[in-house]
Amino acid sequence: MDELHYQYNLLRAKNQTLESTERMYRSICNTSTNAFLYYSFADNKLFTMGAWESYFDIRIDSIKNLASLTELVQDKYQLALREILYLEQTKMERASKEVCLLNGKKWVECEVNISYDEKQRPIEKIIRFKDITKFKKQNDELSYLAYYDILTGLYNRNYFVRILADWLRKAETDKSVVSVMFIDIDDFRKINDGLGLIVGDELVQVFGQFLGTFSQENVIVSHFNSDIYCMAIYDPCGNRTVDAIYHEIQSRLQKPFLLSTRHELDITVSVGVAEYPEAAKSALELINCAEIVMFKSKAGGKNGLTFFDTPILNDFLKNIEIENKLKEALFANQFELNFQPQYDSSSGSLRGVEALIRWKDHMGKSVSPSDFIPIAEKNGTIVPIGNWVIDEAIRILAEVKRKYRIDFVMSINISAIQYKRDEFVGDLIAILRKYDVKPNEIELEITETVLIDDFKLVKDKMHTLREYGVKVSLDDFGTGFSSLSYLKGLPIDTLKIDKSFVDTVILDESTRIIMESIIHMAKRLGYDTVAEGVETKEQYDYLKSIGCDTIQGFYLSKPMSVEAFEQLLSEMIH
Ligand code: C2E
Ligand code: MG
Ligand code: MG
């Protein structure tokens, strides 16, 4: 009896331990954010534990068997879940899958662990379900940032390049064409500076969204940055060719974009196009080529489309070569000045000379200032080059005046970038003092482009210069925007009429009418007139007859070296 009693107590104690262990496991499972399924292979029994209802909106008693679980997830994830639930057939010990529940809102990670006996028969399996919705969402946001541009919702540059690279690989096999369109909003800086960043951003957004409407299976659209977009078309055909898309963009741009700020903005775009395989073989090169020709569209007056071709590439490569060589040219003393005389049309006497820069590179090859000055303006080397020109021209002026004692004016071309620098006037005065040259012995030639951006600042500086006594001349008059109205009130001494007028003046009646009115108007405003590029006697005689004060051109003299110029001066005094 004692023995029986003892056995009974022992059993009870074991039971109590078991119960408490089970309670412990249950409460651990229930406080966990996970839900568990325990399946015993021997008796084909299914147990559920953990946070089923609160986390998965699933009633435990509705799960009768493993198969019924697959109905809880979306169709496309059923196969993945089945693989987890029936894993024992593959003899693996663990695996995990991510599935989305039926309501489409919750994501669940399912992980299975199976234990096997020594004969490799499955004994039990535990499937853990974990709510990963939050993690998934963060992940989605991160991948969105990795692939898309937040402002426009278009592909970002990196992702665009990746897809384009894939397309090019495919196009190589398929022998297809891939077109890349590089699109840039014209004068976007003016919108940004004038109306503010918020307006600029919204414009970028709405225009980007419009471009986004072109995207389809064979068209991808990307926002690179600022006002730059890029499109790629795989195997262009039908209404998805460069011309068709450009045409649709143009028709949309006939109407303004209405912004939430109530601004109505009319814009134009400059577009460059490069095509695989003709222009380039790699994605980055192709985009680069399209960008190069976009700049051609800009240079051609904006609001245009330019297709890439080999001469453009050669031009571009030539410019790069010039740019690289330009950086060392000044240190290597490769520049010199030539001088082209200007003569008074009525007396025939020397009125002045224009200093024109000449550059021979290290191979002795001459590069025209029309080619390298625009490049120097872009990369900033125009500042030291321009300073050198001023110093050298005034130095030579002082020297020849000392030697020959002849009165004439030295005209010096000044780039807009150089002119707009704060130090410009101070530096110029310092150089005049250094060589002891009077300010009225020099004349600065400034082109109309200098007036475009900041008319008031440019005008004020002209006033300051003239107060010192420096002469100011408006060069290439007639080639820029040539609005006659801004001329009134502009403090200049001289108007230089561009060669393009002189070229046609004999042949074309209307050019003569314009030329005569310019000279008439200039006289009334008190400006001297200089005609440049005069090549023939007829041109000379005509210009003299209508009262043009000064003539410059090959007819009278080509630009010459300093030695030849000195020779000319010495002949004048003898
Ligand atoms: P620009 O200031 O209008 O200079 C006149 C250009 O016309 C010069 O070309 C001159 O050689 C050329 N020319 C003069 N008469 C005739 C003619 O009868 N027929 C023809 N066909 N051409 C004639 P160049 O020296 O090649 O200079 C071109 C442009 O480069 C200049 O145009 C000027 O804008 C710029 N440039 C030249 N030197 C300098 C400089 O030192 N600084 C700056 N910033 N620009 C310069
Ligand atoms: Mg000039
Ligand atoms: Mg000129």
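Residues numbered from 1 in each chain as written. Chains lettered and ligands numbered in written order. Predicted model: local features only at pLDDT ≥ 70, side-chain atom pairs only at ≥ 80, totals over all residues. Heavy atoms only, no water.

**Some words on the site of ligand 1**
- Around ligand 1, the surrounding shell holds 22 residues, and the nearest of these are Arg358, Asn413, Asp475, Glu535 and Phe554.
- Between ligand 1 and the protein, one listed contact pairs a nitrogen atom with a backbone N or O atom of isoleucine 357 at 3.2 Å.
- Aspartate 475 is positioned with one of its side-chain polar atoms (N or O) 2.9 Å from an oxygen atom of ligand 1.
- For ligand 1, whose free accessible area comes to 790 Å², the fraction covered by protein is 81%.
- Among the secondary structure elements, those contributing two or more residues to the shell around ligand 1 are strand E14 (350-360), helix H12 (369-379) and strand E18 (471-477).
- Here the element with the most residues in the shell around ligand 1 is E14; it accounts for four residues.
- Taken together, the residues of the shell around ligand 1 break down into eight nonpolar, six polar and eight charged. (Near = heavy atom within 4 Å. Polar contact = N/O pair within 3.5 Å; in protein donor to acceptor, adjacent residues only side chain to side chain. Areas by Shrake-Rupley, 256 points an atom, 1.4 Å probe, with all protein chains shown as cover. Helix = DSSP H or I, 4+ residues; strand = E, 2+ residues; numbered from the N terminus. Nonpolar A, V, L, I, M, F, W, Y, C, P; charged D, E, K, R; others polar.)

**Things to note about unusual backbone geometry**
- In this structure, the amide linkage connecting tyrosine 276 to the following residue, proline 277, adopts the cis form with an omega of 5°.
- Among the structural elements, proline 277 can be located in the loop between strand E11 (269-276) and helix H10 (283-299).
- Although it is not a glycine, asparagine 44 sits at a positive phi angle of roughly 50°.
- Assignment of secondary structure puts asparagine 44 in the loop between strand E1 (34-40) and strand E2 (45-50).
- For asparagine 44, a relative accessible area of 56% corresponds to the exposed category.
- At aspartate 187, a position not held by glycine, the phi torsion is positive, near 55°. (Buried < 20%, exposed > 50% of the residue type's maximum accessible area, 1.4 Å probe, protein only.)

**Section: the packing of helix H11 (residues 310-329) against H12**
- Between H11 and H12, the shortest axis-to-axis distance is 10 Å and the interhelical angle comes to 70°. Classified by the angle their axes make, H11 and H12 are roughly perpendicular. The two elements H11 and H12 cross, and the hand of that crossing is right-handed. Between H11, through Lys318, Asn319, Ile322, Glu323, Leu326 and Lys327, and H12, the contact on the second element is made entirely by Asp371, Phe372, Ile375, Ala376 and Asn379.
- For the contact of H11 with H12, the class distribution of residues is five nonpolar, two polar and four charged. (Axes fitted to C-alpha atoms, helices over the stretch in contact; angles between N-to-C directions. Parallel < 35°, antiparallel > 145°, perpendicular 65-115°, else oblique. Left-handed = near helix turned anticlockwise from the far one by under 90°. Contact = heavy atoms within 4.5 Å.)

**Description of helix H9 (residues 242-252)**
- Within H9, the full set of buried residues consists of Val242, Ala244, Ile245, Tyr246, Ile249, Gln250 and Arg252.
- Its buried side turned inward, H9 meets strand E6 (178-185), helix H8 (197-212), strand E8 (228-234), strand E9 (257-258), E11 and strand E12 (305-307).

**Structural notes on the environment of isoleucine 126**
- Looking at the element boundaries, isoleucine 126 is found in strand E5 (residues 122-131).
- A sequence separation of 208 residues divides isoleucine 126 from glutamine 334, and the C-alpha atoms of the two residues are 83 Å apart.
- Here isoleucine 126 is in contact with Phe36, Leu37, Tyr38, Glu111, Val112 and Asn113, once residues within four sequence places are set aside.

**A closer look at the coordination of the magnesium ion (ligand 2)**
- For the magnesium ion (ligand 2), every protein donor is listed as Glu354 (OE), Asn413 (OD1), Glu445 (OE) and Asp475 (OD), and the spread of their distances is 2.0 to 2.2 Å.
- Counting the intervening residues between successive donors of the magnesium ion (ligand 2) yields the motif E-x58-N-x31-E-x29-D.
- Separating the magnesium ion (ligand 2) and the magnesium ion (ligand 3) is a distance of 3.9 Å, and aspartate 475 donates to both of them. One end of the pair, glutamate 354, is in strand E14; the other, aspartate 475, is in strand E18, with 121 residues separating them in the sequence. For the residue pair glutamate 354 and aspartate 475, the accessibility class agrees, reading buried in each case. (Donors = N, O, S within 2.8 Å, 3.2 Å for Na, K, Ca; no water.)

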